[in-house]
Structure formats: C-alpha cells, structure tokens
Amino acid sequence: MRISIIGTGYLGAVHAACMAELGHEVLGVDSDAAKISLLTEGRAPFFEPGLTDILAGNLDGGRLRFSTSIAEAARFAELHFVCVGTPQLPGALAADLRGIEAVMDELTPKLTRDCLVVGKSTVPVGTAALLADRLGRLAPAGITAELAWNPEFLREGFAVRDTLQPDRLVVGTSSARADAGLRDVYAPLLELGTPYISTDLATAELAKVAANAFLATKISFINAVADVCEAAGADVVTLAETLGHDKRIGRHFLSAGLGFGGGCLPKDIRAFVARADELGAADSVRFLTEVDEVNNARRRHAVDLARDLVGGSFAGRRVAILGAAFKPNTDDVRESPALEVAAAIRAEGALVRVHDPKAIDNARSKRPELDYCDEPEKACEGADVVLHLTEWKDYLELDPARLGSVVRATRILDGRNVLPLARWRDAGWTVRSMGRPSALSGSAGQRTAAVRLPPPCRSPSAGIVVTGAGRWGEGRRPRPSPRLLPRQPHQEPLPTSCSVTISDRLES
Ligand code: UDX
C-alpha cells in the first residue's frame, strides 16, 4: 500500500520505517527540513535503538523516502498516518492541538484521490470526531476522505519492537471500509496473531489516554507506598516483588524511585483531567491530579535526601548526577525527573555535574546552567555526593571502588532502586535509596529506633555517641551492635525510644 506518514518525530519516524519494513511504499513528511535531510541520509534525528538499521535497509530497498511537501503526500498516498505531536498547552493542562489541526487543514484541500486519514497522535477524546467533520468539509469535491483513529502505544527505547510486535492494535473507524483498509496495512502483524480491537473513534482515542493514565497511576501508587515504607522501615523493592507475583497486579510499572517523566505520561494525565472537566466528569478523574502530585513530590524528596546526605546544605557542595534522560535508552529529556533534580540542586548553590550516555546535548540545550561531562568518572571527580537518577545499564556496571577514589565523599543516592547496594557498601559507600529502610540503604541520617537508654541517661534528649558500630550491610546487623541494657526491676521507667543518628562522620 502507498502510505504517507505526516510528522516524523519519535512516533512518526519509527512508524515510517516500520511500515516500510512491513512491505509498504512509504513517504515520510515533516516541515522540519533539517530532520528530513537527516532521515533521507538514513540518520535518526534522535537516539532510538534499532531505528537506524531499519531506516537504512528500507531507504536502500526503495520502499522509504522523505519530503517536506504535504502536497506530495496528498498526491502519493492512499492512506495518511498523522503523527504530529500534541504537547501540553503552555500555562494550561490541556493538549495543544494546533499542530494536528494545521496538518489536517493543509493536507485535506490538496487531496487528489480517495483516501483514509488515520490519526495516531494522542488526543483528548472527541478530537477525532471534530477532525472527521473538518475532513469532510475541506476535501475537494468528488474526493472521499475518511478519518480513522489508531493510537500508538510504543515506548521510547523499544519503539521499533513495540511497532513491529505490538501488544495490541486498536483501530477506531466509522465504516467497514476504513476498518478493512487498516487490516490491510497491518496484515503481516495480524498473521502473527496480534490482537486487533476494532471500535469507534472515541473509544480508540480513550484507549491510549486511559492506558497512560493507568501506567502513571501504577507508578505513583508504588511511590506513595515507598514513602510509607521509608517511614515504617519497610522495603519497597521487596514489596513490589510480592505484589508483582499476584497475576491480577503484575510487576511492570511498580518500580519505585524518582517517578515518571517524558513526553507522554505527565502531559497525557493532565490533558485527561482537562478534557474530563470539559465533559463534566472532572470528579471522576480527580485522583489523577494526586497521581501527578505524588510524582512531582518524588523529585523534591530526592533533593531532600541528597541535601541530608551532604549535611543539610548544598551551598558550595559538588554534586554528581548520573543520568539526564527521562529514562534509559533514550536521549529524550522532556519532563526528565533527573534533569529537574539536577537543576533544583544547582539552584540551591551546588556545583552540579551531569553525565548521561546519550542525552547530554538535549540536556545542555534545556538546562545550560548545569555542567556536563562525557564520562561518569569525570562527573564524579571531587563530588560530595553522587545521585543515580536514570538507570542506564552503564551505571550498573560502574566500579564503586574506582569511583570511590575520585569522589570527595563516598555517598550515593540510588534514585532508581536498581544499584547492587551490597557492592557499593562493601566498597565503603554510604548508600541511600528511595523507599528502602536505612538498614538496607546503609545511609547516614535520622531514624527512630526502639533503643533502651542506659541508666545514666535519664533524659530522652541525652546525647549518646556509639562508635564503631560497623558498616550497615544488606540483611546484616551493625557489628558490634550497641549494648542494649536489660530493664532493672523497680527502676523508674526510662524512655523506651530515642532518635538515632547514624553517621559516617564522627563530628556529626
Ligand atoms: C509511555 C507509554 O508506556 C507508551 O505506551 C506511550 O506510547 C508513550 O508513553 P514512554 O514515555 O516511552 O512510554 O516511557 P515508559 O517506558 O512508559 O516510562 C515512562 C516513565 O515512567 C519513565 O520516566 C520511567 O522511568 C518511569 N517508570 C516506569 C517508573 O518510574 N517506574 C516504573 O516502574 C516504570
């Protein structure tokens, strides 16, 4: 089939290459000439594993080409996929639909043949019906153009795989003819048994928004529980594992830590709230505002934990940040939790050095006030604390002993709860996590413990220094443990708990 893909961002560029991979003749169109010339040379304008290979293969095979001309797309294709971005409107919760409306308004009058126009962008429910109406009004006389909606569920970092082996295909149409057209496009995937859900326009639009709202809710749920774990001395990582074994819950999207970011989840839940409000259903999705707030609070909490690690103030401190992308395997820094934490710490007076394997250029243009380094070791030189904020595989492989020799203080916050803590502690690092007990984290900081005070210390505010408590180890008690005195008979009741500061610095 002859297909055009209008908009060659993360979604469109991948979709264009993948549709060609399925055997279609594809023309990718974008108004950004620089992007089009990169794609024409077989170079991806962003980092996405596997994309360059299928771009090159299909350009060479003559099934794929790129252009800046929508008129050319209108002449060429019998099916147009619209993959234009729908970012958050500045100063509002709602999605900005100006890009997609502009494309429809430019494409429709130029159509020279009957066709199907298929929206793939994430839009507020009801948008497709309005665009279908516009398509009908603006199409040249004698041309039949129909609108369908086919949301895309691809994840950055797995975009090629998610497009060629999707969990499901969702297609919203108003006619059997449109449905048949999309079945043709995806025939090779249907042959592999990919579930195909044929529905109306509104349900298809909502399928995407609801999926992202659910994923965001799942992440914020486990992060809210992580806070309770931290307060109660429980371990959110083990807890998530126990939840994950329950088939009704599942382990995916239950990784607690710094929370979600990116170009989709944050803006999609906000646009969902805004649209529900317009529809008079605001109360029903009010919890999504809380999901957003729990997520934002993670960033503030990470900053608090890091400040605590460096003794209460960032002024004059050196902070190394490992990770700038919103998640690993992408160079995307939109709504990146890592970058926001870095900027917040810089604003408190620290010298912040950021490393990321792929996202440094994007991070630098978004946050030019931060320092950037090409190597993690360089970012960590002289650091008072290291923050692990994006879980790139490279960081799992770092040698804690080697890194320990370049920092000023061996303190690390694992904002993603994936580092092999025992290895870091064994190399002498003080490790702090998000939602794990201090006994597992091995951190310096305040915690309350049921310690019985010895007789000379009658006042709960008495200061006691226990030295040589040993290193906190995973599942281990401190060695030698402070001596707990048995309660004496007829003795005045003593306070049964006190606040214990565990520190790696004697003077504190
Ligand atoms: C998301 C949806 O998954 C995808 O279906 C949709 O098409 C676009 O939006 P993406 O933004 O690429 O994809 O990232 P995703 O893998 O969903 O991760 C989103 C964020 O959640 C990341 O910041 C990630 O670090 C975070 N996350 C994910 C967690 O904090 N914990 C988890 O358990 C999972």
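Basis of the calculations
Residues numbered from 1 in each chain as written. Predicted model: local features only at pLDDT ≥ 70, side-chain atom pairs only at ≥ 80, totals over all residues. Heavy atoms only, no water. Helix = DSSP H or I, 4+ residues; strand = E, 2+ residues; numbered from the N terminus. Buried < 20%, exposed > 50% of the residue type's maximum accessible area, 1.4 Å probe, protein only. Contact = heavy atoms within 4.5 Å. Areas by Shrake-Rupley, 256 points an atom, 1.4 Å probe, with all protein chains shown as cover. Near = heavy atom within 4 Å. Polar contact = N/O pair within 3.5 Å; in protein donor to acceptor, adjacent residues only side chain to side chain. Nonpolar A, V, L, I, M, F, W, Y, C, P; charged D, E, K, R; others polar. Phe/Tyr/Trp six-rings, centres within 6.5 Å; stacked < 30°, edge-to-face > 60°. Lys NZ or Arg CZ within 6 Å of the ring centre and 35° of its normal. Expected span 1.5 Å × (residues − 1). Arc of directions from axis to C-beta. Core = buried A, V, L, I, M, F, W, Y, C linked by side-chain atoms within 4.5 Å. pLDDT = per-residue confidence, 0-100. Salt bridge = Lys/Arg side-chain N within 4 Å of Asp/Glu carboxyl O. Axes fitted to C-alpha atoms, helices over the stretch in contact; angles between N-to-C directions. Parallel < 35°, antiparallel > 145°, perpendicular 65-115°, else oblique. Left-handed = near helix turned anticlockwise from the far one by under 90°.

### Observations concerning the overall build of the chain
Inference 1: For the chain, the count of helices and strands is 20 helices and 16 strands.
Inference 2: Per-residue burial over the chain gives 51% buried out of 508 residues.
Inference 3: Once local pairs closer than 6 in sequence are excluded, the contacts in the chain between residues at least 24 apart make up 72%.
Inference 4: Approximately 22800 Å² of the chain is accessible, and the part contributed by carbon and sulfur atoms is 53%.

### Topic: the site of the ligand
Inference 1: By nearness alone, 20 residues border the ligand, and Phe153, Leu154, Glu156, Ser255 and Lys327 come closest of all.
Inference 2: Within the backbone of phenylalanine 153, an N or O atom sits 2.7 Å from an oxygen atom of the ligand.
Inference 3: In this structure, an oxygen atom belonging to the ligand sits 2.7 Å away from a main-chain N or O atom of leucine 154.
Inference 4: In isolation the ligand exposes 670 Å². Once the protein is present, 91% of that is buried.
Inference 5: When residues in the shell around the ligand are grouped by element, the largest group, four residues, is from helix α10 (residues 201–232).
Inference 6: Across the shell around the ligand, the residue classes tally to ten nonpolar, four polar and six charged.

### Some words on unusual backbone geometry
Trans peptide bonds make up the majority, and among non-glycine residues the majority have a negative phi.
Inference 1: Although it is not a glycine, phenylalanine 253 sits at a positive phi angle of roughly 60°.
Inference 2: For asparagine 417, which is not glycine, the phi dihedral falls at a positive 55°.
Inference 3: Structurally, the position occupied by asparagine 417 is in the loop between β13 (411–414) and α19 (421–426).
Inference 4: The class of asparagine 417 is buried, set by a relative accessible area of 11%.

### Focus on the packing of aromatic side chains
Inference 1: Enumeration according to the criterion identifies three aromatic pairs in this entry.
Inference 2: An angle of 75° between the planes, with centres 4.9 Å apart, marks the rings of tryptophan 424 and tryptophan 429 as edge-to-face. For the residue pair tryptophan 424 and tryptophan 429, the accessibility class agrees, reading buried in each case.
Inference 3: The aromatic ring of phenylalanine 158 is capped on one face by arginine 155, whose charged end is 4.4 Å from the ring centroid.
Inference 4: The side chain of arginine 168 reaches across the aromatic face of phenylalanine 153, ending 3.6 Å from its centre.

### Focus on helix α6 (residues 127–138)
Inference 1: Its twelve residues place the ends of α6 16 Å apart at the C-alpha level, agreeing with the 16 Å of an ideal helix rising 1.5 Å per residue.
Inference 2: Along α6, the residues that are buried comprise Thr127, Ala128, Leu131 and Leu135. The buried residues of α6 occupy an angular sector of 90° when the element is viewed end-on, so they sit on one face. For α6, exposure combined with an orientation more than 90 degrees from the buried face picks out Leu130, Gly136 and Arg137.
Inference 3: The inward-facing, buried residues of α6 contact α5 (98–110), β5 (115–119), β6 (145–149) and α10.

### A short note on the nonpolar core
Inference 1: Counting residues in each nonpolar core, the largest one holds 47 residues, and the members touching the most others are Val319, Ile345, Val352, Val386 and Leu387.
Inference 2: The set of elements that each furnish at least two residues to this core consists of α13 (287–309), β9 (318–322), α14 (337–347), β10 (351–355), α15 (360–366), β12 (385–388), β13 and α19.
Inference 3: Dropping the residues within four chain positions of it, valine 319 is found in contact with Phe314, Ile345, Ala350, Leu351, Val352, Arg353, Val385 and Leu387.
Inference 4: The next biggest cluster of nonpolar side chains, apart from the first, holds 40 residues, and it includes Tyr10, Leu11, Phe66 and Leu182.

### Overview of the confidence of the model for the chain
Inference 1: Overall, the predicted model of the chain reaches an average pLDDT of 90, with 86% of residues at or above 70.
Inference 2: Within the model, pLDDT remains below 50 along residues 442–499, and this stretch shows 85 contacts once partners closer than five positions in the same chain are excluded.

### What about the pattern of salt bridges?
Inference 1: For the coordinates displayed, the defined rule picks out 35 salt bridges.
Inference 2: Put simply, arginine 65 and glutamate 72 hold a salt bridge, and the shortest N to O gap is 2.6 Å.
Inference 3: Classification of arginine 65 as partly exposed rests on a relative accessible area of 36%.
Inference 4: Its salt-bridge partner being arginine 134, residue aspartate 105 comes within 2.8 Å of it at the nearest N-O pair. Of the two residues, aspartate 105 sits in helix α5 while arginine 134 sits in helix α6, which places them 29 residues apart along the sequence.

### Overview of the packing of helix α1 (residues 10–21) against helix α3 (residues 51–60)
Inference 1: One way to put it is that α1 packs onto α3 with a least axis distance of 9 Å and a crossing angle of 50°. Between α1 and α3, the angle falls in the class oblique. As for the relative orientation of α1 and α3, their crossing is left-handed in sense. For the pair α1 and α3, contact is made by Ala13, Val14, Ala17, Cys18, Ala20 and Glu21 and by Leu51, Ile54, Leu55 and Asn58, respectively.
Inference 2: For the contact of α1 with α3, the class distribution of residues is eight nonpolar, one polar and one charged.

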